[in-house]
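# Fold and contact review
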There are 2 protein chains.
Amino acid sequence: MNTKFLTIALAMMLVCFTGFAQTTQPAVIEDFKPSVLNQPFQQYPQVNSQGYARFRIYAPNADSVRVSLGLAGQGGTKLTKADSGYFTGTTAGPLDEGFHYYHINVDGGTFNDPGTGNFYGSQRWESGIEIPAKDQDFYALKDVPHGHMQQVLFPSKSTNTSRVAFVYTPPGYENGKSKYPVLYLQHGWGENETTWGLQGRANLIMDNMIAEGRIKPFIVVMTYGMTNTGARPGFGPRTPTGNLAPGSARPDSINRRAPAGGGMAGMIANNGFQTVLLDELIPYIDAHFRTIAKRDGRAMAGLSMGGAETKVITLAKPEVFGYWGLLSGGNYTPTDLEGKQKPKFIFISYGSKETGGANGLPKVESDLKAAGFNVATYVSPGTAHEFQSWRRSLYQMAPLLFK
Amino acid sequence: MNTKFLTIALAMMLVCFTGFAQTTQPAVIEDFKPSVLNQPFQQYPQVNSQGYARFRIYAPNADSVRVSLGLAGQGGTKLTKADSGYFTGTTAGPLDEGFHYYHINVDGGTFNDPGTGNFYGSQRWESGIEIPAKDQDFYALKDVPHGHMQQVLFPSKSTNTSRVAFVYTPPGYENGKSKYPVLYLQHGWGENETTWGLQGRANLIMDNMIAEGRIKPFIVVMTYGMTNTGARPGFGPRTPTGNLAPGSARPDSINRRAPAGGGMAGMIANNGFQTVLLDELIPYIDAHFRTIAKRDGRAMAGLSMGGAETKVITLAKPEVFGYWGLLSGGNYTPTDLEGKQKPKFIFISYGSKETGGANGLPKVESDLKAAGFNVATYVSPGTAHEFQSWRRSLYQMAPLLFK
């Protein structure tokens, strides 16, 4: 046998018998830079061009510091202590493009990485890290006209407080007289009204799409989609909500976590959010902003639980919204829609790594089309049930609304 | 000697010789409630009706947890570990009314208390706790019409990025046509554009003053007052600023802390903020909001370093603002003002515990009045160089502006 054949045969044997494929992972490139979500002056955490993340935490008398990010099934990334008192470590592999929540564990207690800003998810203000993406231009801060992100407080009788919403008004809105369509855009479980702005960068995505003429401008309304907590503190200019009125007892409900049992459907069915949205938020928005206050000027979409809420509410009240979007939040079927007022347009998306949803999507789309519905679907390449899927989905969905 | 006399004598001797007075501090009343600034579902930290704060941190394998709040000179409050793995403790004495920044130290590392929201001060996102105040009604969330807090991104050539500002528009602004005066309101050192809203509750204070007819409505603009960091990340819908444009190098300046030497005056003199405010922010506000765009419709005020900036800028450019306010941020003297265009009104305030400033204030006021200036001063009772002084100062100053 000639040398070349032997070499190939040997290489193949190594692959089979030693997991050689693992040991030929490309070397980690030492071009780490601070994550763009770090607090001012904070050098760590860092990310490199391949998507590896590197952490550095000062806790000189601690025994153990672990980061919740890293290879699945390995309990995150355990950091190594140096004599300097700094714990450092790098993820064992690259992370997916885009935004990731995380926290750290210091001697058994959960804390945030003091290097990063804070992002509300999993019912707490978490740390966050941003992995650069090849397509990150569409959510960059660019030198284009910018819309305004308005925090509004709207009265809610049903939850006995004022509730917070963020309203994106397009560039030029404040200087004009015309009316705009409105997208009501909901967050996922454990998140809140700041999420689409902070993690999702919805306002920057809108600014950029408008600047390049990709979309007809519209208003975006982002509110808190849960009512299980009653009056829930916002952090503002996400200012405190009703439970902060002096002298008022803190509602019991504030201390109850979202119920673990009953599942998502049960939680949504019992959720008073439909009342908040339809009876309280929409009237407030229509009274305080120049909106096209009818079905054809109104869209609703949401990610994950926000998608599930969108599905429940649009099927219960199909006359309210003309355009419906589910982002990693379930599907519509012709059976769901039978006998109901038809939406003008349906959008459904998943990350490619959400294989159940993503793999089933072609059939979901063809079934809906066969039944006469106007539908578009999208699968975000290389991302999972995370924000890069949803930033991209907003970018794909927006040009198709209000047509 | 009769028994009564002996008893009194004995008591007096105990006071003198055993510090009995200290042991007669009122007992700590066990009516602790979660601080209103806690994250949802978080029971700790707690405060009681006397202003004591109680902390509880889970770190089962840690040796030491300390809280930065407590009696001065005692290095904060050291918490005690229980078998459950929780560290608990109560401050040795009551804290002043109002908002307090803090952080915790776990085995030598600085972290935030996972129980609270985050508040930007001392150049980092800190934990925060709210001690109820007798006069807290004026900053409560009430069932009154609410203004909107708008995050705007304005172009800044001088710092080569888009910068963030929060703009409070009064209730009804969005439905009207009239023009409004504008107060430019600055934060202190180590704080940022979110501070007056989050810690200061400026929007709620404005809402309430307007609802009770205490003030003529005006717009409030709150921006980031430092330029030493070049493009500085904001956390949004305080969305990222210029340094997050993909592919752009992170400006070196982002990694430089505010210079320690040179003092406040040096830092302000070298600060490009005057250019940002006068040449970039004011034109943006006048172009995008219905403002009375002239001296008599413009006020500037600030707390601490923001007051120092106000003083420097108003004295350098007295024609820009008609109303000037220094909140724990220095004084004006007739000498400062000699030969310059006279302001319509000057406001100067301190917390009572800022004894230097507070004790000197009557003379500052009488000197200015004797020199023909329209001036009002205010001392906030029982507070120090902290936010309760500044919330109250805003409440005192606002009715006197734009008259």
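Counting from 1, residues in each chain are numbered in the order their sequence is written. As they are written, the chains are lettered A onward and the ligands numbered 1 onward, keeping that order. Where local features are concerned, this predicted model is filtered to residues with pLDDT of at least 70; where side-chain atom pairs are given and counted, the filter is 80 or more; whole-chain, interface and lining totals use all residues. Think of the side-chain values as coming from all heavy atoms in the structure, minus any hydrogens and water.

Let us now look at the overall build of chain A. What counts as a helix is a DSSP run of H or I of at least four residues, what counts as a strand is a run of E of at least two, and both are numbered from the N terminus. Within chain A one finds 10 helices and 20 strands. Contacts between residues were defined by any pair of non-hydrogen atoms, one from each residue, lying within 4.5 Å. Long-range contacts, defined here as pairs at least 24 residues apart, represent 66% of the contacts in chain A between residues at least 6 apart. Within the structure as shown, chain A displays about 15,400 Å² of accessible surface, and the carbon and sulfur contribution to it stands at 56%. The protein chains shown are the only cover counted for residues, whose accessible areas, like all others here, come from Shrake-Rupley with a 1.4 Å probe.

A separate point is the pairing of strand β3 (residues 53–58) of chain A. Residue and element names in this part refer to chain A. Two strands form a pair only when DSSP identifies at least two bridges running between them. Bridge analysis of strand β2 (residues 46–47) against β3 gives two bridges, and the strand direction is antiparallel. Among the inter-strand pairings, Gln-46 is bridged to a residue of β3, identified as Arg-54. The turn joining β2 and β3, which pair antiparallel and follow one another in sequence, is formed by five residues; a positive phi near 100° is taken by Gly-51. By the bridge criterion, five bridges tie β3 to strand β7 (residues 86–90) in an arrangement that is antiparallel. Bridge pairing links Arg-54 to Thr-90 in β7.

A separate point is the packing of aromatic side chains. All names here are of chain A. Two aromatic rings, drawn from Phe, Tyr or Trp (for Trp, its six-membered ring), form a pair once their centres lie within 6.5 Å of each other, and the interplanar angle then sorts them: stacked below 30 degrees, edge-to-face above 60, tilted otherwise. Applying the stated criterion across every chain yields a total of 35 aromatic pairs over all chains. Seen from their ring centres, Tyr-58 and Tyr-86 are 4.8 Å apart, and the 50° between their planes marks the pair as tilted. Placement of Tyr-58 in strand β3 and of Tyr-86 in strand β7 is noted, with a sequence separation of 28 residues between them. When the ring of Phe-387 is compared with that of Trp-390, the centres are 5.1 Å apart and the planes differ by 85°; the resulting orientation is edge-to-face. Of this pair, Phe-387 and Trp-390 are both found in helix α10 (residues 387–397), three residues apart, which corresponds to roughly one turn of the helix. With relative accessibility at 1%, the residue Phe-387 sits in the buried group. Aromatic ring contacts, followed pair by pair, group Phe-99, Tyr-101, Phe-119, Trp-196, Phe-387 and Trp-390 into a single cluster. Note on geometry: a ring has a charge over it if NZ (lysine) or CZ (arginine) is within 6 Å of the ring centre and within 35 degrees of the ring normal. When the ring centre of Tyr-173 is taken as reference, the NZ or CZ atom of Arg-290 above it lies at 4.1 Å. Burial classification: accessible surface area is computed with a 1.4 Å probe over protein chains only, and a residue below 20% of its type maximum counts as buried, one above 50% as exposed, and the rest as partly exposed.

Glycine aside, residues mostly have negative phi angles, and peptide bonds mostly take the trans form. Residues and elements named next belong to chain A. Cis peptide bonds are those with omega within 30 degrees of zero, and the linkage from Tyr-44 to Pro-45 qualifies with 5°. Within the fold, Pro-45 resides in the loop between β1 (33–34) and β2. Positive phi values are uncommon outside glycine, yet Ser-122 reaches one of about 55°. Summarising the element assignment, Ser-122 is placed in the loop between β11 (118–121) and β12 (124–131). Owing to a relative accessible area of 45%, Ser-122 belongs among the partly exposed residues under this scheme.

Moving on, we get to the environment of A:Arg214. Residue and element names in this part refer to chain A. With respect to the helices and strands, the residue Arg-214 is situated in the loop between α4 (202–211) and β16 (219–223). For Arg-214, a relative accessible area of 27% gives the class partly exposed. Once you skip the residues sitting within four places of it in the chain, Arg-214 turns out to touch Met-209, Tyr-395, Gln-396 and Pro-399. Any N or O atom pair separated by 3.5 Å or less is treated as a polar contact, with the protein-specific requirement of one donor-capable and one acceptor-capable atom, and with residues adjacent in sequence counted only for side-chain atom pairs. For Arg-214, the side chain forms a polar contact with the main-chain oxygen of Tyr-395, separated by 2.9 Å.

Looking now at the sheet that holds β12(A). Residue and element names in this part refer to chain A. Taking strand neighbours across the sheet as the criterion, the three strands line up as β8-β12-β11 in an open arrangement whose pairing is antiparallel. The two strands at the open ends of the sheet, each matched to only one other strand, are β8 (98–102) and β11. In this sheet, adjacent strand axes meet at a mean angle of 50° when their direction is disregarded. Examined bridge by bridge, β11 and β12 share four bridges and lie antiparallel to one another. The angle between two axes is taken between their N-to-C directions and runs from 0 to 180 degrees, where each axis is a line fitted to C-alpha atoms and a helix contributes only its stretch in contact.

This part covers helix α7 (residues 305–316) of chain B. Residues and elements named next belong to chain B. For α7, built from 12 residues, the straight-helix expectation of 16 Å at 1.5 Å per residue is met to within 8% by its first-to-last C-alpha distance of 16 Å. Across the 12 residues that make up α7, a large majority, nine, are buried. Within α7, the full set of buried residues consists of Met-305, Gly-306, Gly-307, Ala-308, Glu-309, Thr-310, Ile-313, Thr-314 and Leu-315. What a helix is expected to span follows from its residue count: subtract one and scale by 1.5 Å.

All names here are of chain B. Secondary-structure assignment places Ser-35 in the loop between β1 (33–34) and β2 (46–47). Ser-35 sits in the buried class, given a relative accessible area of 0%. Within the structure, Ser-35 has its side chain in polar contact with the backbone nitrogen of Glu-130 (distance 3.4 Å).

With that settled, consider the pattern of salt bridges. For side chains bearing opposite charge, pairing can occur when the charged atoms are close. Residue and element names in this part refer to chain B. Every case where a carboxyl oxygen of Asp or Glu lies within 4 Å of a side-chain nitrogen of Lys or Arg is listed as a salt bridge. Within the structure shown, the criterion is met by 27 salt bridges over all chains. Salt-bridge contacts for Arg-391 lead to Glu-130; the nearest nitrogen and oxygen are separated by 2.7 Å. Residue Arg-391 is located in helix α10 (residues 387–397), and its partner Glu-130 is located in strand β12 (residues 124–131); the two are separated by 261 residues in the primary sequence. Owing to a relative accessible area of 0%, Arg-391 belongs among the buried residues under this scheme. Residue Glu-130 is classed as buried on the basis of its relative accessible area of 6%. Residue Asp-336 is joined to Lys-311 by a salt bridge in which the shortest nitrogen-to-oxygen separation is 3.3 Å. Here the residue Asp-336 occupies a position in helix α8 (residues 334–337), and Lys-311 occupies one in helix α7, the gap between them amounting to 25 residues.

Moving on to the sheet that holds β3(A). Strand pairs in the sheet, formed through backbone hydrogen bonds, run parallel or antiparallel to each other. Strand order across the open sheet formed by five strands is β1-β2-β3-β7-β6 (chain A), with antiparallel pairing between neighbours. Here the strands that pair on one side only, and so sit at the sheet edges, are β1 and β6 (80–81) of chain A.

Two measures define how a pair of helices packs: the angle their axes make with one another and the distance between the axes. Residue and element names in this part refer to chain B. Relative to each other, helix α4 (residues 202–211) and α10 sit at 30°, their axes nearing to 11 Å. The chirality of how α4 crosses α10 is right-handed. Residues Ala-202, Ile-205 and Met-209 of α4 touch α10, and the partners they reach there are Arg-391, Leu-394 and Tyr-395. By definition, any crossing whose near helix is turned counterclockwise from its far helix by less than a right angle is left-handed, and any crossing with a clockwise turn is right-handed.

The next thing to look at is the confidence of the model for chain A. All names here are of chain A. When the pLDDT values of chain A are averaged, the result is 87; 82% of them are 70 or greater. Low pLDDT (under 50) marks residues 230–262, which in the prediction has 102 contacts with non-local residues, meaning those over four places away or in another chain. In the predicted complex, the global pTM is 0.88; the interface-specific ipTM is 0.86. Within a predicted model, pLDDT stands for the predictor's per-residue confidence, ranging from 0 to 100.

In terms of burial, α4(B) is largely enclosed, as nine of its 10 residues are buried. Lining the buried residues of α4(B) we find β13 (148–156) of chain A together with β13 (148–156), β14 (161–169), α3 (195–198), β16 (219–223) and α10 of chain B. With its phi angle positive at about 70°, B:Gly213 sits one or two positions after the end of α4(B).

What follows covers the side chain of A:Arg298. All names here are of chain A. With respect to the element layout, Arg-298 can be found in strand β17 (residues 298–303). Classification of Arg-298 as buried rests on a relative accessible area of 9%. A distance of 3.4 Å separates a polar side-chain atom of Arg-298 from the backbone oxygen of Ala-293. In this view, Arg-298 contacts Val-182, Tyr-184, Ile-282, Asp-286, Ala-293, Val-320, Phe-321, Gly-322, Tyr-323 and Phe-402; residues no more than four positions away in its chain are not counted.

Okay, the environment of B:Gln43 next. All names here are of chain B. Positionally, Gln-43 belongs in the loop between β1 and β2. For Gln-43, a relative accessible area of 34% translates into the label partly exposed. Expressed as a C-alpha distance, the spacing of Gln-43 and Thr-116, which sit 73 residues apart in the sequence, is 9.5 Å.

Bringing the environment of A:Leu400 into the picture now. Residues and elements named next belong to chain A. Note that Leu-400 resides in the segment after α10. Residue Leu-400 is classed as partly exposed on the basis of its relative accessible area, which comes to 34%. Residues Leu-400 and Gly-356, spaced 44 residues apart in sequence, show a C-alpha to C-alpha distance of 25 Å. Residues contacting Leu-400, with those up to four places away along its chain left out, are Tyr-323, Phe-345, Phe-347 and Ala-376.

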